[in-house]
Amino acid sequence: MARVAGVSRTTASNVVMGTGRVSDETRARVRQAMSDLGYVYSQAAGSLRRQSSRAVGVVVTNIHRPHFGELLIGLESTLTEAGYTALMVSTFDQLDRQERAVSILREHDVAGLAMIPATGSGDELFSTLQDWAVPSVFVSRYVRGRSHPYVGADDVQGGRLAVRHLLEHGCRRIAYLGGNPGVPSRTDRIEGALRAIEEHGSDVSFVELVGEPSGDGGVGLGRALVASGELPDGVLCHGDAVAMGFERALYDAGLNRPGDAPDVRVIGYDGVAATGYSVPSLTTVETNGLELGQQAAAELIRALRTGEPVNSQLHEPRLIVRESCGDHAS
């Protein structure tokens, strides 16, 4: 294969295994030679020779959530480009399923692990990771009170940005909608929301409403608030799906109609692509799941290649202002 591609055996090996520095032109020439010759690299045999694996385990909670989908694209594409295979398992945010998932990936001898830890993760997970001793990183969610490499958004700042925006609109009855108690991202966003209220210095009420972090959860919370007759004038939702479900419930009740000043100003969270196409378009806190996935994969790859520890990365969120909060002048 090296002869056909016109390169050294070392260069051909680097392309096959995704190691070393090789130009895009040379990489393409080697891959074309592999295709012409019908060459298929045996990962299993290579792992035995190197005493290492080219697979990386990826553990997620709820794959159907758009934010996690974007995160997975970032992880998988970056790992693949570096010559690694992503083995993904879902826990549905359940501790028993997480235990089985991690056990299965360990049996497959993955070289590293990227995971969104399930709610309630604690001693058992950390004992397993310490005993296993492969490079690992938490993504988008950490475990409160524990020190572990983490790549995610600064959710305290995200909550602060969102509620500060609602306050600038004149909102004085603010609610946080959705999410389950004990999830660090929810706790951090609420902390940021309360900081914004404290900094504002005005008389503002704030309530937290627990609910499923989904469109259905948002619809249910919206219907309950409409029925109660005690709608807030501004809401920060735990996720974009919650916000769009909440908006649907308001629309069904004859509220927040396009073209009118909003009865309730709504902000989502995560900044998934669909938020720009809803009616009204959704103001949201963008955390860039794609970039988080790419960064987490890059940190794992660096650790695997150098033997150095995985570094934590805390990303700054960004408020994207759209129609769901209305005109500042209204």
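The preceding data block contains the structure.
What you see as residue numbers is a count from 1 along each chain, following the sequence as written. pLDDT decides what is reported in this predicted model: residues at 70 or higher carry local features, side-chain atom pairs at 80 or more are listed and counted, and totals for whole chains, interfaces and linings draw on all residues regardless. Water and hydrogen atoms play no part in the side-chain values, which are based on all heavy atoms of the structure.

Engineer: Would you mind showing me how to read the overall build of the protein here?
Structural biologist: Counting from the N terminus, the helices are the DSSP runs of H or I reaching at least four residues and the strands are the DSSP runs of E reaching at least two. Within the protein, the secondary structure is distributed over 12 helices and 12 strands. Exposure is judged per residue with a 1.4 Å probe applied to protein chains only, and the accessible area is read against the type maximum: over 50% gives exposed, under 20% gives buried, and values in between give partly exposed. When the 330 residues of the protein are sorted by exposure, 51% land in the buried category. Every residue pair with non-hydrogen atoms within 4.5 Å of one another is taken to be in contact. Across the protein, every contact between residues at least 6 apart in sequence was considered, and the portion connecting residues at least 24 apart equals 70%. Just so you have it, the protein exposes about 15500 Å², and 49% of that area is on carbon and sulfur atoms. Methods summary: accessible areas were calculated by the Shrake-Rupley approach with a probe of 1.4 Å, and residue burial reflects only the protein chains presented.

Engineer: For this particular structure, what's the right way to read the packing of aromatic side chains?
Structural biologist: Centre-to-centre distance and the angle between the planes together describe a pair of aromatic rings. Each Phe, Tyr or Trp ring (for Trp, its six-membered ring) is paired with any other whose centre lies within 6.5 Å, and the angle between the two planes then decides the class: stacked below 30 degrees, edge-to-face above 60, tilted in between. Applying the stated rule across the entire model yields 2 aromatic pairs. Centroid distance Phe126 to Phe138: 5.8 Å. Interplanar angle 85°. Geometry classified as edge-to-face. Note that Phe126 is positioned in helix 7 (residues 123-132) and Phe138 in strand 4 (residues 136-139), a separation of 12 residues in sequence. A relative accessible area of 12% means that Phe126 is categorised as buried. Centre to centre, the rings of Tyr142 and Tyr150 are 5.3 Å apart; their planes meet at 70°, and the pair counts as edge-to-face. For Tyr142, a relative accessible area of 22% corresponds to the partly exposed category. Residue classification places Tyr150 among the buried positions, given a relative accessible area of 10%. Two thresholds decide whether a charge sits over a ring: the Lys NZ or Arg CZ must be within 6 Å of the ring centre and within 35 degrees of the ring normal. Sitting above the plane of the Tyr84 ring, Arg54 keeps its charged end 4.1 Å from the centroid. One cation-aromatic arrangement involves Arg146 over Phe126; the distance from NZ or CZ to the ring centre is 4.8 Å.

Engineer: Help me out: how do you make sense of the sheet that holds strand 3 (residues 112-115) in this one?
Structural biologist: Hydrogen bonds between backbone groups are what pair the strands of a sheet, and the pairing can be parallel or antiparallel. One bridge is not enough; two strands pair if DSSP finds at least two bridges between them. If you walk across this open sheet you meet the 6 strands as 2-1-3-4-5-11, and the pairing is parallel. The sheet terminates laterally at strand 2 (85-90) and strand 11 (313-315), the two strands that pair on one side only. Geometrically, the sheet is characterised by an average inter-axis angle of 15° between neighbouring strands, direction not taken into account. Relative to strand 3, strand 1 (residues 55-60) runs parallel, the two sharing 4 bridges. When the bridges of strand 3 are listed, Gly57 appears paired with Leu113. Each axis is a line fitted through C-alpha atoms, taken for helices only over the stretch in contact, and angles between the N-to-C directions span 0 to 180 degrees.

Engineer: Can you walk me through the packing of helix 10 (residues 215-228) against helix 11 (residues 240-252) in this structure?
Structural biologist: If you want to describe how two helices pack, look at the angle between their axes and the distance between the axes. It is at 6 Å that the axes of helix 10 and helix 11 come closest, and there the two elements cross at 40°. As far as their axial angle goes, helix 11 and helix 10 are oblique. Of the two elements, helix 10 crosses helix 11, and the hand of that crossing is right-handed. Each of Gly215, Gly218, Val219, Gly222, Arg223, Leu225 and Val226 in helix 10 lies in contact with helix 11, whose residues at this interface are Ala241, Val242, Gly245, Phe246, Arg248, Ala249, Leu250 and Asp252. Note on residue categories: nonpolar means Ala, Val, Leu, Ile, Met, Phe, Trp, Tyr, Cys or Pro, charged means Asp, Glu, Lys or Arg, and polar means any other residue, Gly included. Of the residues belonging to the contact of helix 10 with helix 11, the class tally is 8 nonpolar, 4 polar and 3 charged. Between 65 and 115 degrees an angle is taken as roughly perpendicular, under 35 as roughly parallel, over 145 as roughly antiparallel, and anywhere else as oblique. We call a crossing left-handed when the near helix sits turned anticlockwise from the far one by less than a right angle, and right-handed when that turn is clockwise.

Engineer: Can you walk me through the nonpolar core in this structure?
Structural biologist: Side chains that are nonpolar tend, in soluble globular proteins, to be buried together. Core analysis: the biggest nonpolar cluster contains 22 residues, and Leu75, Leu79 and Val137 have the highest contact counts within it. Residue assignment for this core shows that the elements contributing at least two residues are strand 1, helix 5 (66-81), strand 4 and helix 12 (289-306). It is helix 12 that provides the largest number of residues to this core, a total of 6 residues. Residue contacts for Val137: discarding those within four places in its chain leaves Leu113, Ala114, Met115, His148, Pro149, Tyr150, Val151, Ala296, Leu300 and Val310. Note on terminology: a nonpolar core comprises buried Ala, Val, Leu, Ile, Met, Phe, Trp, Tyr and Cys residues joined through side-chain atoms within 4.5 Å.

Engineer: Just checking my understanding: could you explain the sheet that holds strand 6 (residues 173-177) for this structure?
Structural biologist: With respect to topology, 6 strands assemble into an open sheet ordered 7-6-8-9-10-12, the strand pairing being mixed. Every interior strand has two partners, whereas the edge strands, strand 7 (205-209) and strand 12 (318-320), have only one. Direction aside, the axes of adjacent strands within the sheet are offset by 20° on average. Across 5 bridges, strand 6 lies against strand 7 in parallel orientation. Bridging across to strand 7, Ile174 finds its partner in Phe206. Strands strand 6, strand 8 (234-237), strand 9 (265-270), strand 10 (283-286) and strand 12 of the sheet are contacted by helix 8 (residues 155-168), whose axis makes an angle of about 165° with strand 9. Strand contacts of helix 9 (residues 184-200): strand 6, strand 7 and strand 9, with the helix running at about 170° to strand 7, the strand carrying the most contacts.

Engineer: What am I meant to see in the pattern of salt bridges here?
Structural biologist: Close approach of charged atoms allows side chains with opposite charge to pair. Whenever a carboxyl oxygen of Asp or Glu lies within 4 Å of a side-chain nitrogen of Lys or Arg, that contact is scored as a salt bridge. Counted by the stated rule, this structure contains 15 salt bridges. For Arg195, the salt bridge identified is with Glu191, shortest N-O distance 2.7 Å. Of the two residues, Arg195 and Glu191 are both situated in helix 9; the distance of 4 residues between them amounts to about one turn of the helix. Classification of Arg195 as partly exposed rests on a relative accessible area of 40%. Here Glu286 and Arg318 are joined by a salt bridge, their closest N and O atoms 3.0 Å apart. Taken together, the positions of Glu286 in strand 10 and Arg318 in strand 12 put the pair 32 residues apart, joining distant regions of the chain.

Function cannot be read off these values alone, since they describe shape.
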